[in-house]
Amino acid sequence: MSHAHGSPSPVASRSGTPLKGRIRVPGDKSISHRSMIFGLLSIGETRVEGLLEGDDVLRTAEACRALGATITREAPGRWRIVGAGIGGLTEPKDILDFGNAGTGSRLMMGVAGSHPITSTFDGDASLRKRPMRRILDPLAKMGVTVVSEAEGGRVPLTLRGPKETIPITYETPAASAQIKSAILLAGLNSPGKTTVIEREATRDHTERMLRHFGASVEIVPHGADGRAVTLQGQPELRGTDIVVPTDPSSAAFPLVAALITPGSDVVIEGVMMNPLRTGLITTLIEMGASIERLNERDEGGETVADLRVRHSRLTGVTVPHARAPSMIDEYPILAVAASFAEGTTRMQGLHELRVKESDRLAAVAAGLAEAGVSHEIEGDDLLVHGSNGKVRGGGNPVATHLDHRIAMAFLVMGLATAQPMTVDDGAMIATSFPSFIPLMRELGATIQD
């Protein structure tokens, strides 16, 4: 049952001992979703090691099964996918229920919508609030028919694919890897070249994995910070092996916990160092964080490293708008780090946070207010006035709005505040980081669920 329908389970955290030890966080969510999708679209067998087995990814796996893939879980994190191949998808018998999975649902709209089948997408209360029009508009240009939709282009919605998908050139209206990926995935079943132009480069896992599975992808710079990505349609993708690196967005939580908890010294193993995903680490180092990269190596086409993180005195900085795409999921936890810094941290250009699992900008601001942290929202900027390591905490339970990152961010905050912090519901943490509470306890954190 989706957590949206259960009764809330509050979780509390409080300060105690320093955090010590070595941990490995779960596999990267972006790559885990795409492993399932590319396995479906390939001929032959794809084997995946280190898959994130959170609810979001399992929903994507179920959708891939419904579209014709044979998927077997062989051991924890180890999965085998036998694909249906591009053009070989079967029409799903039931609604594709994505729960809370924004990435899974949006990418799969590109996959299913580009095939001559009818498919219906739905999800939980949180997913039903998220805008899908930004995906549906380019897909319509490719010949996809939106048969029905909830108000404002939201799920539940039904798509019918054309006999042959039309290749397009499309400039994305917002910096979003999900828009880019949905179009490229639709372009796989289209003759000719599909091009996506983005004014700001976003995370490039789809392009890397397209090449890893045998597609021809050309990437050229566009303007000052952008890229044009061109895919040659109708390739034959071949099943392959994938080792999923650990998720930098999940690593962000124990990382900031170690920085703000006095006396802490933690090693987080195998963290992906893709430059389009390390904006948070760059920012924290600018703030004075002690983060060492150890044992850099290559896993699954991505550079990874072990990170040694020690308690640090942080200073406020300005985080430029151009960095937003490389750390869009990390702003809630950065706001927590900024609360403990000396001086003000200004995070610029956070418009995309308003359309995440919740209005994340408003949710972060409300949580800061409960903890007694001085802050302002100016347009799309968030300003956090740090208290030089002394944050009150306490307050009413932080409203998470079914958003896993809000829940984890404020539980981390409570590990270093004067009074404990409580979040109103921790159930949805399982969507991206099922082992969050046990791993944090392993390091010495006091978290009560």
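Computed from a predicted structure; not experimentally measured. (Residues numbered from 1 in each chain as written. Predicted model: local features only at pLDDT ≥ 70, side-chain atom pairs only at ≥ 80, totals over all residues. Heavy atoms only, no water.)

Colleague: I'm lost on the sheet that holds strand β16 (residues 290-299) in this one. Help?
Modeller: Sheet strands pair via backbone hydrogen bonds, and the direction of the pair is either parallel or antiparallel. If you trace the four strands from one edge of the open sheet to the other, you get β2-β15-β17-β16, paired in mixed fashion. Strands at the two margins of the open sheet, each flanked by one partner only, are β2 (20-23) and β16. Pairs of neighbouring strands in the sheet enclose a mean axial angle of 15°, with direction left out of account. (Pairing = 2+ DSSP bridges. Helix = DSSP H or I, 4+ residues; strand = E, 2+ residues; numbered from the N terminus. Axes fitted to C-alpha atoms, helices over the stretch in contact; angles between N-to-C directions.)

Colleague: Mind showing me how you'd approach the nonpolar core here?
Modeller: Proteins that are soluble and globular tend to have nonpolar side chains buried together. Ranked by size, the top nonpolar core spans 76 residues in total, and within it Leu-255, Leu-284, Tyr-331, Met-347, Met-413 and Phe-436 carry the most contacts. Here this core gets nine residues from one element, more than from any other, and that element is helix α7 (residues 248-260). Discounting residues that sit within four places of it in the chain, Met-347 has contacts with Val-319, Tyr-331, Leu-334, Ala-335, Ala-338, Asp-380, Asp-381, Leu-382 and Val-384. Counting 60 residues, the second-largest nonpolar core is a separate cluster that includes Val-48, Phe-213, Ala-215 and Leu-231. (Core = buried A, V, L, I, M, F, W, Y, C linked by side-chain atoms within 4.5 Å. Buried < 20%, exposed > 50% of the residue type's maximum accessible area, 1.4 Å probe, protein only. Contact = heavy atoms within 4.5 Å.)

Colleague: Explain the UniProt feature "binding site: phosphoenolpyruvate" (unreviewed entry) in the chain to me, please; I cannot follow it from the model alone.
Modeller: Per the UniProt record, "binding site: phosphoenolpyruvate" (unreviewed entry) is annotated on Lys-29, Gly-102, Arg-130, Gln-178, Arg-360 and Arg-405. With respect to the helices, strands and loops of the structure, Gly-102 is situated in helix α3 (residues 102-113). Of the residues examined, Gly-102 reaches a relative accessible area of 3% and is grouped as buried. Contacts of Gly-102, omitting those with residues within four sequence positions, involve Leu-127, Arg-130 and Gln-178. Here Gln-178 lies in helix α5 (residues 177-187). Apart from the residues within four sequence positions on either side, Gln-178 is in contact with Gly-102, Thr-103, Arg-106, Leu-107 and Ile-135. Only 2.6 Å separates the side chain of Gln-178 from the side chain of Arg-106, close enough to count as a polar contact. (UniProt positions renumbered as here; feature names shortened; annotations may be inferred. Polar contact = N/O pair within 3.5 Å; in protein donor to acceptor, adjacent residues only side chain to side chain.)

Colleague: How do you make sense of empty space enclosed by the protein when you look at a structure like this?
Modeller: Gaps left between atoms are located by rolling a probe of water-molecule size over the structure's atoms. One pass over the full model with this rule turns up three cavities of 30 Å³ or more. By volume, the second largest cavity is sized at about 70 Å³. Element by element, the count of residues in the lining of the second largest cavity is highest for α7, at four residues. For the lining of the second largest cavity, the per-class residue count stands at eight nonpolar, two polar and two charged. (1 Å grid on protein atoms, 1.4 Å probe; cavity = no way out; pocket = protein on both sides within 12 Å on 5 of 7 lines; lining within 4 Å. Points joined across faces, edges and corners; volume = space filled by probe spheres on them. Nonpolar A, V, L, I, M, F, W, Y, C, P; charged D, E, K, R; others polar.)

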